[in-house]
Every structure is written in structure tokens, then in C-alpha cells.
Amino acid sequence: MDGVTRQGRVHRVDGPLVEAHDLPEASMYEVVELGEQRIPAEVVAIDGTKLTLQAFEYTGGLMAGDVVRRTGRPLSARLGPGLLGRVFDGLLRPLSSAPTWLSPQTLASGEQQSTRWHFVPNAAPGEELRPGALLGVVADTGAIEHRVLVPPGVSGELRYLAEAGKVPEGAAVARIGPTEIGLFEQWPVRRPRPFAFREETFAPLHTGQRVLDLLFPIGAGSSTAVPGGFGTGKTVLLQQLAKWCDADVIVYVGCGERGNEMADVLGDLAELTDPRTGGRMIDRTVILANTSNMPMMAREASVFTAITVAEYFRDMGYHVVVVADSTSRWAEALREFASRTGALPAEEGYPADLSSSLAAFYERAGRVRTEGGRVAAVTVVGAVSPPGGDLTEPVTTATERFVRGVWSLDRDLAYSRHYPAVSWSASYSHDAEAVAAWQSGHGNPGWAARRARAMTVLAEAARLSELAEIVGTRTLPGRERMTILGGRLLRDAVLAQSALSPVDATCSGERGAALLQLVLDVVDRCMTLVDRGVAATEVEQFDFGALVRAREEAPDLAVCRTAITTALEALA
Amino acid sequence: MNDLEYGDVRSLEGSLLVVRGVRGAGWDESAVIRVDDGSERHGVVLEVADDLAVLQVLEGTAGMRPGGVRVRFSGSPFRVPLGRAWLGRTCDGRGEPLDGGPPILGTATAAVNGWPLNPVEREPPREPVLTGVSGIDALTTVVRGQKLPIFSVPGLPHLRLATQIAAQSSAAGDPFVVVFAAMGLPHADIDFVRTALDERAAAGELVMVLNSADDPVIERLLTPRIALTVAEQLAFVEGSHVLVVMSDMTSYCEAVREVAAARQEIPARRAYPGYLYSDLASLYERCGRIRGRPGSVTIMPVLTMPAGDITHPVPDLTGYITEGQIVLAEELNARGLYPPLDVLGSLSRLMRHGAGPGRTRDDHLEIAAQAVAALARARQAAELADLIGTGALSDTDRGYLAYATALEDSLLRQRPDDCRTFDDTLDRLWQAVSVLPRRELTMVSKALLASHLPAAGAR
């Protein structure tokens with residue numbers, strides 16, 4: 001390829017914006033390398049002989065006249081075994097083996113590895129194979145079986161398949177027609193990996209967080225946004241999801257967020273045991289870290305890299321959850337670069353294609369039948385950090401149009417230290433009905449009614465509390481005071497959940513349902529008591545401590561119910 | 001180092017100097033500019049295009065004219081010397097001594113921008129910095145390696161509080177150093193800080209980098225970077241726990257805006273440039289600890305919220321990057337409470353890692369959580385009382401009002417020269433909480449209540 005060996009010259013450098021000349025064959029979105037440090041950059045515009053490049057690294061020291069080399073391929077991720085349990089940057093370069101301080105040179109040198117993988121074949125030479133067919137498996141770190149598949153776009157007769165045994169990293173393990181297939185493949189991150197069709201069947205995602213599972217559940221393959229101002233506990237909620245949701249694989253992308261948090265996620269996941277496999281939680285997780293002080297443009301690439309990795313595991317038949325914290329920082333990277341190129345700004349300086357970029361990301365979620373015939377899903381949970389907590393800003397409003405659910409975090413709840421601070425008035429899930437139908441078909445016919453009752457009590461309690469602030473609690477009728485009490489009990493005993501408590505950090509579907517039922521029954525009992533003439537004040541001053549602490553102290557709920565009911569009965 | 005000098009000036013505008021005919025100047029390198037009035041100035045390359053180099057002149061372009069300027073490029077970004085020679089010293093926003101002492105010499109130099117710390121190499125923060133200020137130690141504990149800002153408004157004693165913290169903080173007997181970066185502070189404030197931290201300077205535990213309100217704006221951008229570069233070395237090489245106090249970040253951000261405007265960049269919110277978040281992160285993210293190395297860098301930025309607006313870009317972006325915030329309230333200050341800590345608005349996100357069993361005291365986290373939740377309830381009761389009168393409140397709500405008063409009097413109120421021990425602080429907290437009926441204390445375990453709650457007679 002003659003065009004690839006040709007070198008161009010840097011003409012202008014303005015931070016991550018670089019202009020180059022003399023590369024006539026370079027195409028849009030192709031990756032080129034700048035200068036002796038070989039800083040990766042992407043072609044974002046071509047005007048005559050002038051190329052506009054977006055550099056993914058700090059360009060300090062880059063001069064006019066420095067060489068520009070073509071790579072001949074678009075921005076791609078190197079997919080293969082060894083992803084799980086490790087940490088990468090936004091371009092999927094390993095950080096686990098990189099040095100303490102990250103400079104362009106040190107990152108580039110970290111790419112070479114020479115691991116040997118144990119391959120076990122699972123096909124027979126002579127078979128006619130289509131994309132997605134299983135060739136064999138490779139032993140990776142944890143309990144997740146790494147399946148080597150026929151890559152997209154390749155089909156034909158299997159001419160060669162490696163025997164069981166250690167395979168060096170670069171070697172071919174199979175040959176289909178003329179195509180050699182190795183353990184690794186390059187996939188352009190901005191192009192979705194193909195699948196057969198979107199599934200019509202439904203399966204819920206269990207998150208382990210009661211407020212989500214009981215009130216705003218979503219399905220596998222769905223997408224949700226988590227908008228919240230700073231200090232509303234967004235990151236802790238996302239970390240809880242990454243730890244406890246029932247997916248097979250988690251891709252956690254820290255996009256423009258805090259370094260200490262990434263260290264925390266890493267430390268926590270390494271210590272936790274996955275209750276389903278007995279292995280370490282970290283072994284089902286791929287972490288992409290592009291902290292806020294790392295190069296801005298790699299941040300822009302990181303969300304696409306993450307979803308590409310997710311699709312790769314989806315194709316193996318797994319349910320993958322992508323947790324992106326935070327999509328706002330990614331949008332800001334888009335804005336920063338757009339302003340450097342002089343693009344016409346739309347709302348708040350964001351480029352006009354902001355919503356199509358967001359759609360390109362969220363629409364890659366889905367529960368699908370893969371090319372290999374497996375039912376698998378990519379679920380996307382994206383944090384949104386609205387400036388000033390203003391939910392009318394462009395990133396939030398554009399995101400809301402593309403997601404199935406919104407878990408909105410409320411500053412007032414966080415202010416009173418109610419975590420997770422998921423607002424029950426501002427959140428929603430379009431999947432709630434589908435989850436209700438699924439629960440009903442899986443032995444929980446009361447699920448929808450219980451959710452409806454809880455939502456009603458919460459809404460009524462909020463309305464009455466506002467009223468009580470004007471007229472005083474004492475002037476309200478007894479039943480209404482019991483509704484306010486009910487709202488408080490639901491909030492403290494069911495919806496609040498301690499991320500720190502070893503018992504309460506996650507909650508099974510059955511236990512969550514039982515706890516909600518118990519609280520609703522206690523509320524009903526309180527109503528009955530005031531109906532029978534017990535003073536509302538007396539019920540309000542009753543010590544509900546045992547009920548509120550039940551989620552953390554994990555008593556036998558039947559015993560707890562009897563104790564509270566008996567004590568309440570004594571009021572009458 | 002590039003020995004060639006360039007003197008072909010194409011244009012001069014504001015603090016920008018554009019030279020022509022340049023070969024081999026890289027983006028972001030520093031340069032020395034000799035002016036024919038005899039002065040030597042410093043510049044940073046903002047853009048290169050063919051043979052043009054756009055330089056930002058740190059000391060300003062006053063007196064420069066085409067034909068009267070010689071530019072020499074250094075071949076690397078702006079650097080400062082490193083090492084223990086900094087201890088006890090005071091310098092300006094270019095690293096030049098302000099204390100009458102000799103130039104600061106180090107064993108090595110480093111670029112002030114620093115490199116991002118590999119997230120994998122970070123050690124999660126785990127131990128507290130004890131400030132001796134009860135409200136902070138008890139309810140928003142500062143953790144070594146954390147970034148925790150003070151949000152204030154003009155007229156509040158934030159500088160007094162930051163200085164008190166700088167003077168009193170310690171790390172359980174381990175070597176402790178304070179680096180104070182002043183950005184755009186009035187001279188009177190700088191004098192106040194210097195006097196208040198005199199003892200710390202004399203003990204060789206203080207480095208000051210000072211950029212006063214009338215110093216060059218461009219140097220204001222370098223000031224925190226010099227402070228952090230020095231701090232990183234003292235922490236991660238010399239093994240000290242370093243607290244970097246940076247005041248006032250609002251002036252810093254205005255300097256960023258001023259420079260961006262001079263470069264005719266497209267403005268984003270309130271005319272601040274779109275990269276303000278990344279720029280602030282490049283400072284704040286330099287806190288932390290590193291695996292296998294002693295020492296830590298803790299950052300405490302101080303910022304004044306214009307018109308008290310917490311959604312203004314400066315506090316807003318800061319809040320998104322930092323691990324919590326300490327908020328000061330005008331209303332408390334007006335009532336004569338020092339420090340005027342808005343407990344409910346304040347939060348230390350890392351507190352749960354740096355406090356509690358094995359870090360501070362076994363009862364700390366539970367009683368602190370209870371104290372804050374009870375204060376939230378007390379505020380609701382107070383709002384209700386404003387509408388319907390205290391008399392119409394329930395006994396429970398009146399109990400919460402009494403608790404809020406007790407918390408202010410026994411825990412929060414403190415003299416600016418009073419350094420309280422941690423045990424004293426927590427005992428005061430228990431005293432305040434004991435005002436509440438016991439049935440309301442649902443967040444503290446029975447065992448801790450039994451061992452710590454003061455007996456009814458002592459209340």
C-alpha cells in the first residue's frame with residue numbers, strides 16, 4: 001500500500017487541533033500518527049490538500065514541519081482475550097501495565113504484550129461456517145468463558161483449526177476460505193458490530209437497588225440516563241450498579257471523571273465476590289478510564305470504545321451492561337473540539353450534531369439475536385451531569401429523547417442524605433409495564449399492584465406534606481397524616497439503601513418485594529388504627545426503628561411483622 | 001534548547017506576540033523574550049502555523065515594538081526547580097523569590113503542567129487530615145489525597161478559615177507541609193495569610209506562591225501549577241503529606257476567561273471557555289496518593305461564588321470535579337457564628353473511607369450521619385415554625401429545634417485560634433445529639449448508643 005507509506009507534514013498546531021498537508025490519500029476518520037512521538041490523531045476534515053486532525057494526546061512540543069504518518073485504518077479497538085479484569089484508556093491501550101505518569105511516549109510503549117492463551121477448539125474442519133459461529137474457547141481470567149467466533153463478514157469452509165493448547169498472541173487459530181482468523185481482531189469503534197435482528201422477547205435487568213427494581217425497572221438491552229447535579233450521588237449509584245446488577249459482563253467507562261473514583265472502583269471490585277460465579281467481581285468487568293485530567297479527545301473516543309467492547313462480548317452471547325460516567329464530559333469534548341475548528345455553535349456552544357452523536361451512542365443498546373444465533377444484550381446506563389443542576393440544558397434534553405428510562409437524582413433528597421437520591425416524581429421507565437408482565441408470568445402476579453400502591457402513597461405523601469407546610473400537620477385529618485407517615489416509612493425503610501452496609505448494598509427481588517409489602521401493610525395497619533379512634537400523634541410517635549433498620553439488620557421479616565403489629569395494636 | 005533568536009515581529013495585540021520566520025518551535029513550549037528596554041520577559045507558545053509562532057507574554061507586551069524584540073525558544077514547557085529547598089520559601093507566579101532570599105535551586109526541574117497520574121497507580125485515600133476545626137473534622141472529614149473546596153461568598157471569613165486549617169492541620173505525626181497558592185488576592189489578604197502562617201513557615205513546613213490582585217493575569221494561570229508541581233515532589237518523592245490551599249479560584253477562572261477572550265475563542269457558559277472543566281480538572285486531579293509511595297497531596301481550593309450563586313460555572317464545575325464541598329453560609333455569619341459552616345450543604349465524599357473504625361473513632365461515621373440527618377429534619381421543623389409558630393409544632397419537632405441550637409453552640413462555634421482534639425470534637429457532637437429523644441436516633445446502633453450517649457443527668 002503505497003499511499004500508507006507516504007508521509008505528510010504538520011502545518012499548524014493549536015492544542016488538540018492539528019492541520020497537515022501532503023497526504024492526498026488519507027480518508028475521513030482515518031487515524032494518522034504525528035511527529036516522532038507518534039501521537040495518534042483522527043482526520044476530521046479535508047479541504048483541498050489541507051487535513052484537519054483531532055489529536056488524542058497532549059501535543060506539546062509538536063512543530064510545524066513534523067512528519068505525519070498514515071495508518072490506513074479508522075480508529076479501532078483491538079478486541080480479544082485479556083480485556084476482563086483490566087484497566088484501559090479511552091483508546092483501549094492497557095493502563096494496568098503503563099507507568100505511574102502518563103505521557104504520549106509511555107502509553108505507546110505499553111501496547112506490546114506476549115501472552116500465550118490456552119485455546120480449546122469447538123468446531124470441525126470442513127464445516128461450512130457463518131459469522132458468529134463458535135470456533136473454540138480460550139481460558140481468560142475469571143468465570144466468563146471467552147468464545148472465539150467467526151468474525152463479522154467472514155464465511156465459508158473451515159479449512160484449518162488449531163489443536164487444543166497454548167497459542168501465541170499473534171497466531172492464527174483458524175482459516176476460513178482464504179481468511180486467517182486469530183484470537184484478536186480490530187474493529188472500528190464508530191461502527192456498530194452487526195447482529196441478526198432485535199429480539200421481541202423481554203427480560204428484566206435486576207439492579208439490586210430497591211428504588212430501581214421496585215419503581216423504575218428496565219429491561220436487558222434497554223438504555224437509561226442518570227441525570228444529577230454534583231453531590232447527588234451519581235457515581236456511587238453507578239458503582240453500585242456495576243457491582244450488583246445481574247449482567248454477565250460490565251463495561252465501566254470513567255469518562256472525564258475523578259481519578260480517585262476509578263481507583264475506588266478498581267479496589268472495590270477486586271475485593272468483592274460475584275455471588276453467581278464465586279469469582280471476583282473484577283473478573284466480569286472491563287474498566288476504561290479516561291479521567292478528567294487525561295487528554296480530552298481520547299475522552300471523546302472512549303464511549304465508542306466502550307460500546308464496541310460491549311458488542312464484542314454480546315456477540316459471544318452475554319448480557320453486557322455499559323456504565324458511562326459521564327456522558328456530559330464526553331459532550332463537552334465534542335464542544336471543545338467543535339469550537340476549535342470554528343464550527344457554528346448551536347445551544348450553549350454545543351455543536352449542532354450533538355443529538356445525532358448522542359443517538360449514535362444510545363442506539364447501540366439493544367437485546368438482539370446475534371449473527372451466531374445467541375440471544376444477548378447491551379444495556380446502556382449513562383450519567384448526565386447537567387451544569388448547575390439545570391435539567392433543561394442541551395445534553396440532558398437531547399439524551400431524554402433517546403433513552404427508555406430516566407433515573408433522575410434529586411438534590412433535596414441528597415441534601416437530606418437520602419441515598420440513592422433517585423427522585424420518585426421525576427424518574428420514569430418505559431419498561432415498567434413489560435417488567436410487570438414478566439413478573440406476572442414468573443410467579444409474582446402482585447408486582448404491578450404493589451408498585452402502583454407505593455407510587456400512590458409517595459405521590460400523596462408529597463402533596464400532603466406541602467399542604468402541611470402551609471396549614472400545619474395537626475390540622476390534617478388522621479388518615480392524611482398516616483399517608484404522610486407512610487411516605488416517610490417507604491422512603492426510610494424501603495427506598496433508602498446503604499451502599500456501605502454489607503447487608504444492604506444489594507437486595508434480591510424477593511426480599512425487596514417482601515420489605516415493600518411489609519411497609520405497605522404497616523401503613524394500612526396505621527390507617528386502621530386512626531379509623532378506630534387512636535390519635536394520629538400517638539401513631540406518629542410510635543418507634544418504627546425496627547422497621548427502618550430491617551433493611552440493614554436483616555431480621556426475619558415475619559418476626560419483624562409480628563413484633564410491629566403487636567406493638568401497634570397495643571396503641572388501640 | 002534552541003540557540004536561535006527570532007526578531008521578526010508580525011503583530012502585537014494584548015498579551016499576544018506573533019513572530020515570523022520561526023523554525024523548530026513546538027506547541028506549548030516556553031520562551032525567553034529580550035526587549036530593547038532592557039527587560040527580559042517570558043512567553044508560552046499558544047499556536048504554531050508554518051513559520052509563525054503565537055506567544056503569550058507573561059509580563060505583558062507593554063513597551064514592545066517590532067524590531068525591538070528577540071525571542072529564544074527553550075525547547076520545553078515552563079519548568080520549575082524541585083526539592084526541599086522550597087520549604088519555608090515564598091515566591092511569585094513565575095517561581096521567583098519574594099522573600100529576599102536567593103533563587104530557589106533544586107536537584108531537578110519539572111514542567112509545571114505535570115502529567116496525568118495513571119488511575120491504576122492511584123491508592124484510594126484512606127486516612128484523615130485533622131484540621132482541629134470541629135465542624136469539619138466531625139461532619140465533613142478531610143481525607144489525605146482528597147480535593148475538598150471551600151465555597152463562600154465575598155464578605156465571609158473563608159480566608160480566615162482556610163488559614164486556620166492551614167495553620168492547624170496535621171497527619172497523625174507524619175511529616176506535614178502546607179503549600180499556599182494565592183491567586184489574585186488583595187495585598188491586605190496576603191499580609192494576613194503570611195502573618196497567620198508565620199509559625200508554620202518558621203518550622204519549615206510552608207511554601208507560598210503568591211500572585212496578588214495587581215500581578216500579571218497570565219502568571220495567575222501558572223501560580224497553582226507551580227504550587228502543585230512543588231507539592232507533588234514533596235509528597236511523592238520526599239514523603240510528606242502536603243495540603244495545597246488555593247485561593248481564590250474565582251480569580252483564577254476569571255484569568256482563564258480573560259486569556260481565552262484575548263485569543264478570541266468561542267465562549268461557552270457566562271463567557272468562560274468550553275474547556276474550563278478540563279482546565280480545572282488539570283489542577284484538582286493532581287491530588288491523591290500513589291501506590292507504594294509515602295505521602296499525599298490534598299487540595300483545598302477556596303472560591304467565592306459570584307452573587308452567592310452555586311450554579312455559577314466556577315463553583316458548579318469545581319463541584320463536579322472535587323470530592324465534596326465545604327459551604328459557608330451568610331446567614332450563620334450574620335448571626336455571629338464562626339466558622340459559618342452550612343452543614344447540610346457541605347459534604348466530604350471520601351469521609352466514609354477516611355473516618356470511622358481504625359481511621360478516627362469507631363462511633364464517628366454513625367453519629368455524624370445521625371447528626372446531619374437530624375439537622376435536615378430540624379431545618380424542616382424550623383421552616384414549619386416560621387409559618388405556623390413554634391407553639392403549633394409537635395414535641396418531636398421542638399426537640400429537633402433544640403438540637404439544632406445545641407449543635408451550633410457545642411460543636412460548630414469555635415475561636416479562630418482554637419485547635420480542638422478529635423476526641424473533644426466527637427464528645428461535643430454526642431452532647432448535641434443527646435438533646436434528641438432516644439427513639440429518634442435510628443441511625444446509630446444500640447451498642448454505640450449504650451456506650452456513648454451521655455446519661456440523661458449529664459444533658
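- Taking an unreviewed UniProt entry as the reference, chain B is identified by name as V-type ATP synthase beta chain belonging to Kribbella sindirgiensis.
- Taken from UniProt, the Sequence similarities (unreviewed entry) comment for chain B reads in full: "Belongs to the ATPase alpha/beta chains family."
- Quoted verbatim from the Function (unreviewed entry) field of UniProt, the annotation for chain B is "Produces ATP from ADP in the presence of a proton gradient across the membrane. The V-type beta chain is a regulatory subunit."

- Under an unreviewed UniProt entry, the name given to chain A is V-type ATP synthase subunit A, and the source organism is Kribbella sindirgiensis.
- UniProt's Sequence similarities (unreviewed entry) comment on chain A is quoted here verbatim: "Belongs to the ATPase alpha/beta chains family."

**Here's the deal with the overall build of chain B**
So, step 1. When its secondary structure is counted, chain B shows 14 helices and 19 strands.
So, step 2. Here the C-alpha radius of gyration of chain B, 25 Å, is about what a compact globule of 459 residues would show, namely 23 Å.
So, step 3. Burial status across chain B gives 53% buried among its 459 residues.
So, step 4. When contacts within chain B are restricted to residue pairs at least 6 apart in sequence, long-range pairs at least 24 apart make up 72% of them.

**What to know about the nonpolar core**
So, step 1. Residues Val251(A), Val322(A), Val323(A), Val519(A), Val179(B), Val244(B) and Ala371(B) are the most contacted members of the largest nonpolar core, which totals 320 residues.
So, step 2. Filtering out sequence-adjacent residues up to four positions away, Val323(A) remains in contact with Leu238(A), Leu241(A), Ala242(A), Ile250(A), Tyr252(A), Val253(A) and Val381(A).

**Focus on the domain arrangement of chain B**
So, step 1. Splitting chain B by domain gives domain 1 (5–73), domain 2 (79–354) and domain 3 (364–458).
So, step 2. Computed over C-alpha atoms, the centres of domain 1 of chain B and domain 3 of chain B are 62 Å apart.

**Focus on the packing of helix H12 (residues 395–412) of chain B against helix H13 (residues 422–433) of chain B**
Residues and elements named next belong to chain B.
So, step 1. Running from N to C, H12 and H13 cross one another at 160 degrees; their axes reach a closest spacing of 8 Å. The angle between the axes of H12 and H13 places the two elements in the roughly antiparallel class. Remark: the crossing between H12 and H13 carries right-handed chirality. Where H12 abuts H13, its residues Tyr403, Ala406, Leu407, Ser410 and Leu411 lie against Arg428, Leu429, Gln431 and Ala432.

**Regarding the sheet that holds strand E16 (residues 241–247) of chain B**
Residue and element names in this part refer to chain B.
So, step 1. The sheet built from eight strands is open, its strands ordered E9-E15-E14-E16-E17-E13-E18-E19 with mixed pairing. Looking at which strands have only one partner, the edges of the open sheet turn out to be strand E9 (90–92) and strand E19 (347–348).
So, step 2. Note: E9 against strand E15 (residues 206–212), three bridges, orientation parallel. In the sheet register, Cys91 faces E15, and the bridge partner there is Val209.

**What to know about the UniProt feature "domain: AAA+ ATPase" (unreviewed entry) in chain A**
So, step 1. As annotated in UniProt, the feature "domain: AAA+ ATPase" (unreviewed entry) corresponds to residues 220–413 of chain A in the numbering used here.
So, step 2. Taken end to end, residues 220–413 of chain A is 40% helix and 21% strand, and its first and last C-alpha atoms sit 28 Å apart.

**So, the domain arrangement of chain A**
Residues and elements named next belong to chain A.
So, step 1. Split by domain assignment, chain A resolves into domain 1 (2–72), domain 2 (197–441) and domain 3 (447–569).
So, step 2. Measuring from the centre of the C-alpha atoms in domain 1 to the corresponding centre in domain 2 gives 33 Å.
So, step 3. With 11 residues of domain 1 in contact, the opposing surface of domain 2 contributes eight residues.
So, step 4. For the side of domain 1 that touches domain 2, the leading source of residues is strand E5 (residues 50–55), giving three residues.
So, step 5. Tallied by class, the residues present in the side of domain 1 that touches domain 2 amount to six nonpolar, three polar and two charged.

**A word on unusual backbone geometry**
Residue and element names in this part refer to chain A.
So, step 1. Put simply, Asp325 and Ser326 share a cis peptide bond, and its omega is 10 degrees.
So, step 2. With respect to the helices and strands, Ser326 occurs in the loop between strand E24 (319–325) and helix H7 (327–341).
So, step 3. For the bond running from Tyr419 to Pro420, omega is -10 degrees, close enough to zero to count as cis.
So, step 4. By secondary structure assignment, the location of Pro420 is in the loop between helix H10 (411–415) and strand E28 (428–429).
So, step 5. You will see that Asp22, though not glycine, has its phi angle at about 70 degrees, which is positive.
So, step 6. With respect to the secondary-structure elements, Asp22 resides in the loop between strand E2 (17–21) and strand E3 (30–34).
So, step 7. Among the residues examined, Asp22 registers 15 C-beta atoms within 10 Å and is labelled partly exposed.
So, step 8. Phi is positive for Glu348, which is not a glycine, with a value near 50 degrees.
So, step 9. A tally of 16 C-beta atoms within 10 Å means that Glu348 is categorised as partly exposed.

**Structural notes on the UniProt feature "domain: ATPase F1/V1/A1 complex alpha/beta subunit N-terminal" (unreviewed entry) in chain B**
So, step 1. With numbering aligned to this structure, UniProt lists the feature "domain: ATPase F1/V1/A1 complex alpha/beta subunit N-terminal" (unreviewed entry) at residues 14–75 of chain B.
So, step 2. End C-alpha to end C-alpha, residues 14–75 of chain B measures 24 Å, and it is 0% helix and 50% strand.

**Notes on the sheet that holds strand E14 (residues 165–168) of chain A**
Residue and element names in this part refer to chain A.
So, step 1. Reading across the sheet, the four strands line up as E12-E11-E9-E14 and stay open at both edges, with antiparallel pairing between neighbours. This sheet does not close on itself; its edge strands, each paired only once, are strand E12 (146–149) and E14. Adjacent strand axes in the sheet meet at a mean angle of 45 degrees when their direction is disregarded.
So, step 2. Pairing geometry for strand E9 (residues 116–121) and E14, over four bridges, is antiparallel. Looking across to E14, one finds that Trp117 is bridged to Val167.

**Quick word on the environment of Val154(A)**
Residue and element names in this part refer to chain A.
So, step 1. Note on placement: Val154 falls in the loop between E12 and strand E13 (156–161).
So, step 2. Distance in space between the C-alpha atoms of Val154 and Ala462 is 58 Å, their sequence separation being 308 residues.
So, step 3. Discounting chain neighbours no more than four positions away, the residues touching Val154 are Pro131, Ile176 and Thr179.

**A word on the pairing of strand E2 (residues 9–13) of chain B**
All names here are of chain B.
So, step 1. Sheet topology places E2 next to strand E3 (residues 16–19); four bridges connect them, and they run antiparallel. Paired with Glu13 across the two strands is Leu16, which belongs to E3.
So, step 2. Hairpin geometry of E2 and E3 is characterised by an intervening segment of two residues between the two adjacent antiparallel strands and by a positive phi of about 55 degrees at Gly14.

**Quick word on the interface of chain B and chain A**
So, step 1. The interface of chain B with chain A comprises 60 residues on the first partner and 61 residues on the second.
So, step 2. Of all the elements in the fold, those that place two or more residues in the side of chain B that touches chain A are strand E5 (40–49), helix H7 (276–284), helix H8 (313–321) and helix H11 (364–388) of chain B.
So, step 3. Tallying contributions element by element places H11(B) first for the side of chain B that touches chain A, with eight residues.
So, step 4. The class makeup of the residues in the side of chain B that touches chain A is 31 nonpolar, 13 polar and 16 charged.
So, step 5. Alignment of strand E1 (residues 7–14) of chain A against E5(B), held across two bridges, turns out to be antiparallel. Bridging across to E5(B), Arg12(A) finds its partner in Ala49(B).

**Looking at H7(B)**
So, step 1. Taken across its nine residues, H7(B) has eight buried, putting it largely inside the fold.
So, step 2. Of the residues making up H7(B), those classed as buried are Leu276(B), Tyr277(B), Ser278(B), Leu280(B), Ala281(B), Ser282(B), Leu283(B) and Tyr284(B).

**A few points about the UniProt feature "domain: ATPase F1/V1/A1 complex alpha/beta subunit nucleotide-binding" (unreviewed entry) in chain B**
So, step 1. Annotation from UniProt places "domain: ATPase F1/V1/A1 complex alpha/beta subunit nucleotide-binding" (unreviewed entry) at residues 132–348 of chain B.
So, step 2. Secondary structure within residues 132–348 of chain B divides into 41% helix and 20% strand; the distance between the first and last C-alpha atoms comes to 16 Å.

**Looking at the packing of helix H2 (residues 158–168) of chain B against helix H3 (residues 187–196) of chain B**
All names here are of chain B.
So, step 1. Following both chains from N to C, one finds H2 and H3 inclined at 25 degrees, their axes separated by 10 Å at the closest point. With respect to H3, the element H2 is oriented roughly parallel. Crossing of H2 over H3 shows right-handed handedness. Mapping the contact onto sequence places Leu159, Thr163 and Ala167 in H2 and Asp189, Phe192, Val193 and Ala196 in H3.

**Quick look at the pairing of E3(B)**
Residues and elements named next belong to chain B.
So, step 1. Only one face of E3 is covered, namely the face carrying Leu17 and Val19; the face carrying Leu16 and Val18 is uncovered.
So, step 2. In this sheet, strand E6 (residues 52–57) lies alongside E3 in antiparallel orientation, the contact comprising four bridges. Within the sheet, the bridge partner assigned to Leu17 lies in E6 and is Leu55.

**Side note on the environment of Cys245(A)**
Residue and element names in this part refer to chain A.
So, step 1. Its place among the elements puts Cys245 in the loop between helix H4 (234–244) and strand E22 (249–255).
So, step 2. The spacing of Cys245 and Leu409 is 164 residues in sequence and 19 Å in space, taken between C-alpha atoms.
So, step 3. Other than its neighbours up to four places away in sequence, Cys245 contacts Leu205, His206, Thr207, Gly208 and Val321.

Definitions and limits used
Residues numbered from 1 in each chain as written. Chains lettered and ligands numbered in written order. Predicted model: local features only at pLDDT ≥ 70, side-chain atom pairs only at ≥ 80, totals over all residues. UniProt positions renumbered as here; feature names shortened; annotations may be inferred. Helix = DSSP H or I, 4+ residues; strand = E, 2+ residues; numbered from the N terminus. Rg over C-alpha atoms; globule rule 2.2 N^0.38 Å. Buried ≥ 20, exposed ≤ 12 C-beta atoms within 10 Å, placed from the backbone. Contact = placed C-beta atoms within 7 Å. Core = buried A, V, L, I, M, F, W, Y, C linked by C-beta atoms within 7 Å. Domains from an automatic or database assignment. Axes fitted to C-alpha atoms, helices over the stretch in contact; angles between N-to-C directions. Parallel < 35°, antiparallel > 145°, perpendicular 65-115°, else oblique. Left-handed = near helix turned anticlockwise from the far one by under 90°. Pairing = 2+ DSSP bridges. Nonpolar A, V, L, I, M, F, W, Y, C, P; charged D, E, K, R; others polar.

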